[in-house]
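Structure at a glance
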Amino acid sequence: MKKIAPHWQIIIALIAAIIVASILKQFGDATWVKSVLKICSLLGDLFMQALKMIIVPLVVSSIIAGLAGLAGFDGFKRMGMKTLGFYLLTTLSAVILGLIIVNTIQPGLTDGQPNTQLREVFDNAPAETSPTDKARFASERQDQAKDWTAIFKRMLPSNIVKAAAEGQLLGLLVFSLMFGIAMAQFPIDQMRPMRDFFQTLNDIMIRITQWIMVCAPLGIFGMMVATVHKSGAEVFQQLGPYFFTVLIALALHMFIILPILLKVVGGVSPISHFKAMKTALLTAFSTSSSSATLPVTMRCVQDNAGVSKKTASFTLPLGATVNMDGTALYECIAVIFVAQVMGLEMTFTAQMLVVISALLTSIGVAGVPSASMVAILIIMNNSGIPGADNAILALFAVDRLLDMSRTAVNVFGDSCAAVVIAKSEGETLYHNQ
Ligand code: ASP
């Protein structure tokens, strides 16, 4: 029997959840209905917990393996600096674009007020925020309001194990960045065992993520039955403005910002580049995974754009791990959107914390479907946004198409770096077209 594609499985799970929840509603508060809902909530919670379980090893190994891969050939420092500089430039412009768009459209507000129907969904979704978490959210919010230096203090946790145990990703990311950069400074033979270790660890974590994603339709079905039963199917309608805000911002980044950077920074023709990357973009769109698309991206960049193997194999694997423009932009919009719905006033400092977190977590997000949902959860927790677990469940409802689109933007961003760096190294491009 032909296997149903993962995105169809999720769409089917969502439709089934709406149908089952509507049927359950007909039976009111019957005991068996409560039991069914309990099982559904359990499925949703287990799925969320599985995602949370892999955060620390996944993020640490992907950053360290990506950075350690920088060593090993001449001119790596020069090319490394250029590549990282370009990645930083594109990701930062993506996050700032996201910030501007979400503050302009304000998808979480209706008539200038927080959207109450969505708020109810976020308040009532199945997963519970523990009292300890609530206390932590509160104290962190206070920290931020009082003192912007708290952001920087959190970047350098005094105890890295404690930071990992508490899911303080910001500190963990900075530590991993330092670890990877330090590693890359040792002779290749000396650090090979470490590099192989982190690379293998990363491969294993990606495999576990894939297993978890196999269970996604069931987990999503469970949590959506519970959510829709409480709030009604209106959640989908209510999320419409959010959905379009993300798509508009992604389109602006892909078709305006990146082409301008290609032309201005690299002197590369955007049209030739779009043509060269067609297959990779379609693959990214249909798989929702930039890691899975990497071999296709490498082929397009080398065969169609004419980038050398050396430049492509240096910039692209690194990009697939650390450079995710679409994801960074998405994280920023999602977090500010939830804050708008929750009626939280995001001060300039609070928004800057989101920008920095989105920038850093997009480095740590794996190139697999829905990976950024975990990062969004972390940023919301870090920013002290209450109801984060519940909000994430609701956002899952419209995630698939957004994931397909942001993955295409992620892959396109990586490929832009490859051609810009190749051009700066004196390579001749697009001679095949
Ligand atoms: N699916 C994305 C990618 O693979 C990551 C994400 O934003 O969820 O690039």
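Look up: the structure comes first, before these words.
Read on for an overview of the structure. (Residues numbered from 1 in each chain as written. Predicted model: local features only at pLDDT ≥ 70, side-chain atom pairs only at ≥ 80, totals over all residues. Heavy atoms only, no water.)

**Focus: the overall build of the chain**
Per the secondary structure count, the chain includes 21 helices and two strands. For the chain, the residues scored as buried account for 55% of the 433 residues in total. For the chain, the accessible area works out to roughly 18,500 Å², and carbon and sulfur atoms hold 67% of it. (Helix = DSSP H or I, 4+ residues; strand = E, 2+ residues; numbered from the N terminus. Buried < 20%, exposed > 50% of the residue type's maximum accessible area, 1.4 Å probe, protein only. Areas by Shrake-Rupley, 256 points an atom, 1.4 Å probe, with all protein chains shown as cover.)

**Some remarks on the site of the ligand**
Around the ligand sit 15 residues in total, of which Ser-290, Thr-327, Asp-403, Arg-406 and Asn-410 are the nearest. Between the ligand and Ser-288, the relevant distance is 2.9 Å, taken from a nitrogen atom to a main-chain nitrogen or oxygen of the residue. Within the side chain of Asp-403, one N or O atom sits 2.7 Å away from a nitrogen atom of the ligand. With four residues, the single largest contributor to the shell around the ligand is helix α21 (residues 399–424). (Near = heavy atom within 4 Å. Polar contact = N/O pair within 3.5 Å; in protein donor to acceptor, adjacent residues only side chain to side chain.)

**Considering the packing of aromatic side chains**
Going through the model one piece at a time under the given rule, you end up with ten aromatic pairs. Centroid distance Tyr-242 to Tyr-330: 6.3 Å. Interplanar angle 50°. Geometry classified as tilted. With Tyr-242 in helix α13 (residues 240–266) and Tyr-330 in helix α17 (residues 325–341), the pair connects residues that are 88 residues apart, well separated along the chain. Like Tyr-242, the residue Tyr-330 is buried in the burial classification. One aromatic cluster is present, built from ring pairs that chain together Phe-175, Phe-179, Phe-197 and Phe-198. Above the plane of the ring of Tyr-330 lies Arg-406, whose end atom (NZ or CZ) is 4.2 Å from the centre. (Phe/Tyr/Trp six-rings, centres within 6.5 Å; stacked < 30°, edge-to-face > 60°. Lys NZ or Arg CZ within 6 Å of the ring centre and 35° of its normal.)

**Topic: a nonpolar patch on the surface**
Residues Leu-89, Ile-105, Phe-244, Ile-248, Leu-252, Phe-255, Ile-256, Ile-260, Val-264 and Val-265 make up a contiguous nonpolar surface patch of about 910 Å² in total accessible area. Taken together, the elements giving at least two residues each to the nonpolar patch come down to α4 (76–105) and α13. Considering every element that reaches the nonpolar patch, the biggest residue donor is α13, with eight residues. Within the secondary structure layout, Phe-255 lies in helix α13. (Patch = residues over 30% accessible without salt bridge, like charges linked within 9 Å, V, L, I, M, F, W, Y side chains within 5 Å. Salt bridge = Lys/Arg side-chain N within 4 Å of Asp/Glu carboxyl O.)

**Focus on α21**
The end-to-end C-alpha separation of α21 is 37 Å, in line with the 38 Å expected for 26 residues at 1.5 Å each. Across the 26 residues that make up α21, a large majority, 23, are buried. (Expected span 1.5 Å × (residues − 1).)

**Overview of the pattern of salt bridges**
Enumeration over the complete set of coordinates arrives at six salt bridges. The shortest N-O distance in the salt bridge between Asp-399 and Arg-406 comes to 3.0 Å. Accessibility classification places Asp-399 together with Arg-406 in one group, the buried group. Between Arg-406 and Asp-403 there is a salt bridge, and its shortest N-O distance comes to 3.3 Å. You can see Arg-406 and its partner Asp-403 sitting in helix α21, three residues apart, about one turn around the helix. On the basis of relative accessible area, Arg-406 is assigned to the buried category, the value being 1%.

**Digging into unusual backbone geometry**
Phi angles above zero are rare outside glycine, and Asp-111 is one such case at about 50°. Its place among the elements puts Asp-111 in the loop between β1 (109–110) and β2 (113–114). Exposure remark for Asp-111: the relative accessible area of 79% places this residue in the exposed category. For Ser-370, which is not glycine, the phi torsion reads 60° and is therefore positive. One can find Ser-370 in the loop between α18 (348–364) and α19 (371–382).

**Brief notes about the environment of Cys-215**
Residue position: Cys-215 is located in the loop between α10 (188–214) and α11 (216–231). The partly exposed category is assigned to Cys-215, whose relative accessible area is 44%. Separated by 172 residues in the primary sequence, Cys-215 and Leu-43 have C-alpha atoms spaced 9.5 Å apart.

**Digging into the nonpolar core**
In this structure, Phe-122 and Tyr-242 are the most contacted members of the largest nonpolar core, which totals 124 residues. Of all the elements, α17 adds the most residues to this core, at twelve residues. In this structure, Tyr-242 is in contact with Pro-107, Tyr-330, Ile-333, Ala-334, Phe-337, Leu-395, Val-398 and Leu-402, ignoring residues within four places of it in sequence. Core analysis: the next-biggest nonpolar cluster, separate from the first, contains nine residues, Ile-64, Ala-164, Leu-172 and Met-183 among them. (Core = buried A, V, L, I, M, F, W, Y, C linked by side-chain atoms within 4.5 Å. Contact = heavy atoms within 4.5 Å.)

**Looking at the side chain of Thr-293**
Looking at the secondary structure, you find Thr-293 in helix α15 (residues 290–304). Filtering out sequence-adjacent residues up to four positions away, Thr-293 remains in contact with Ala-280, Thr-283, Ala-284, Thr-287 and Val-411.

**Re the packing of α19 against helix α20 (residues 388–396)**
It is at 10 Å that the axes of α19 and α20 come closest, and there the two elements cross at 150°. In terms of their interaxial angle, α19 and α20 are classed as roughly antiparallel. Between α19 and α20 lies a crossing whose hand is right-handed. Contacts between α19 and α20 involve Met-373, Ile-376, Leu-377, Met-380 and Asn-381 from the former and Ala-388, Asp-389, Ala-391, Ile-392, Leu-395 and Phe-396 from the latter. Class assignment of the residues belonging to the contact of α19 with α20 gives a composition of nine nonpolar, one polar and one charged. (Axes fitted to C-alpha atoms, helices over the stretch in contact; angles between N-to-C directions. Parallel < 35°, antiparallel > 145°, perpendicular 65-115°, else oblique. Left-handed = near helix turned anticlockwise from the far one by under 90°. Nonpolar A, V, L, I, M, F, W, Y, C, P; charged D, E, K, R; others polar.)

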